[in-house]
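If you want the building blocks of each chain, they are given just below.
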Amino acid sequence: MRTIFNRSRVRRFISVTAGVALAIALGKLDARQGQTPATQTPQPAAGAPAQGQRGGQNQQPAAARNNAAEQGAVRNAEGAIIGFTALAEIPGTPWRIHDIARPHPRVITPGATPGAAPSDAIVLFDGKDLSKWVSARGGQDAAWPVKDGYFETGAGSGSIVTREKFGDVQLHVEFATPSPGRGSSQDRGNSGVRFMDRYEVQVLDSYENVTYADGQAAAIYGEYPPLVNAARKPGEWQTYDIVFEAPKFNGATLLAPAYITVFWNGVLVQHRRPVMGSTSATTTQHSYTPHDPELPLALQDHNHPVHYRNIWIRRLAGYDLPEGK
Ligand code: MG
């Protein structure tokens, strides 16, 4: 009897201990799942229907309701799930999957038509004047001729630069090379979009006009030919949509090169190429000289009357900015 009684007590002790341990473990798990990286955590609305189940909770299987609750589902006033507090962590971020606390991107208004400036763009040329530009030579007002909604490179008058300075940007620019085309190779519809007045995406008449590959239209000059030649004919309007990431320096040390991505007439032709350095040097290897994080954008005068219109630019900021920024 004594032995049996002891065994029974031992068994009960083990059972209780295991139960407590399990409860602690579950408690810890619950606590971990309940952690949210951000400050505000709206509470799950009790008894509200799950997304796509507007008929109310009675129409949901109990298991589904419990599952949503365990996942920390948060619902809006209509009962739709608008986030979670307890799904898996997203590695390398402070966020969980579908995190209710993750900031929502700010709202902008896209352009009314393809290629039109979105509401957060800085319009650098709207068809009327060159007030956003100055001469690269002396800093006086840009004097390139403005005509019917476009302007023309003032052949021989020198390049122009924006009054404003930029670092990481998205740029939209439209251009047309002279028609009829004259000259050949580099001597035909040559201009250029020079980010920070250093890193050039070539503008050239590359319609049935052969030149060195890394100097044709949409080349990162002297470094990368475009992936394909998407040139339109002389006189036809063409588009560049470019993402430029400025190089990063720490004093004299290059931390990260510039990167350039180009869509030419809607076609990807430069896929985040790391720029080797200032593209102005052609007789020596391209290299970097440390400079300010923001510098003016330049359009190159190469002695050819290239036309430009509809130019806008957007400063690029990071992901997950606090709401309202
Ligand atoms: Mg050029």
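Residues numbered from 1 in each chain as written. Predicted model: local features only at pLDDT ≥ 70, side-chain atom pairs only at ≥ 80, totals over all residues.

### A few points about the overall build of the protein
If you tally the helices and strands in the protein, you get 2 helices and 16 strands. Taken over 325 residues, the protein has a buried fraction of 29%. For the protein, the share of sequence-separated contacts (at least 6 apart) that also reach a separation of at least 24 residues comes to 59%. (Helix = DSSP H or I, 4+ residues; strand = E, 2+ residues; numbered from the N terminus. Buried ≥ 20, exposed ≤ 12 C-beta atoms within 10 Å, placed from the backbone. Contact = placed C-beta atoms within 7 Å.)

### Thoughts on the confidence of the model for the protein
Residues of the protein with pLDDT of at least 70 account for 80%, and the chain-wide mean is 85. Scored below 50 in pLDDT, residues 1–58 makes 41 contacts in the model with residues more than four places away or belonging to other chains. (pLDDT = per-residue confidence, 0-100.)

### Notes on the pairing of strand β16 (residues 307–315)
Residues in a regular strand project their side chains so that they alternate between the two faces of the sheet. Here strand β3 (residues 122–125) runs beside β16; their pairing, made up of 3 bridges, is antiparallel. From the neighbouring strand, Val123 faces β16, where its bridge partner is Trp312. Bridge count for strand β5 (residues 151–152) against β16 is 2 bridges, and the pairing is antiparallel. Bridging from a neighbouring strand, Glu152 pairs with His307 of β16. (Pairing = 2+ DSSP bridges.)

### Description of the sheet that holds strand β15 (residues 295–299)
The strand order across the open sheet built from 5 strands is β4-β6-β15-β8-β9, with neighbouring strands paired in antiparallel fashion. In this open sheet, the two strands that pair with only one neighbour each are β4 (133–135) and β9 (199–203). Adjacent strand axes in the sheet meet at a mean angle of 30 degrees, parallel and antiparallel pairs treated alike. Note: strand β6 (residues 160–166) against β15, 4 bridges, orientation antiparallel. The residue of β15 that forms the bridge with Phe166 is Leu295. (Axes fitted to C-alpha atoms, helices over the stretch in contact; angles between N-to-C directions.)

### Remarks on the nonpolar core
Of all hydrophobic cores here, the largest spans 47 residues; its most connected members are Val201, Ile242, Phe244, Ile260, Val262 and Tyr308. Take this core: its biggest share by element is 5 residues, from strand β7 (residues 169–176). Counting 5 residues, the second largest nonpolar core, distinct from the first, contains Ala68, Ala73, Val74 and Ile81. (Core = buried A, V, L, I, M, F, W, Y, C linked by C-beta atoms within 7 Å.)

### Focus on the pairing of strand β8 (residues 191–195)
Counting buried residues along β8, 5 of its 5 residues qualify, which places the element largely inside the surrounding structure. By the alternation rule, side chains of β8 split into Ser191, Val193 and Phe195 and Gly192 and Arg194, which are all buried. Across 5 bridges, β8 lies against β9 in antiparallel orientation. Residue pairing for β9: Gly192 is matched across the bridge by Gln202. Strand direction decides the pairing type here: β8 and β15, joined by 2 bridges, are antiparallel. Opposite Arg194, over in β15, you have Ala298 as the bridge partner.

### Details of unusual backbone geometry
Here the residue pair Ser179 and Pro180 is connected by a cis peptide bond, since its omega of 0 degrees sits within 30 degrees of zero. Even without glycine at this site, Ala218 takes up a positive phi of about 70 degrees. Considering the arrangement of structural elements, one finds Ala218 in the loop between β9 and β10 (238–245). Even without being a glycine, Asn310 presents a positive backbone phi close to 40 degrees. Along the polypeptide, Asn310 turns up in strand β16. On the basis of neighbour counts, which here come to 21 C-beta atoms within 10 Å, the residue Asn310 falls in the buried class.

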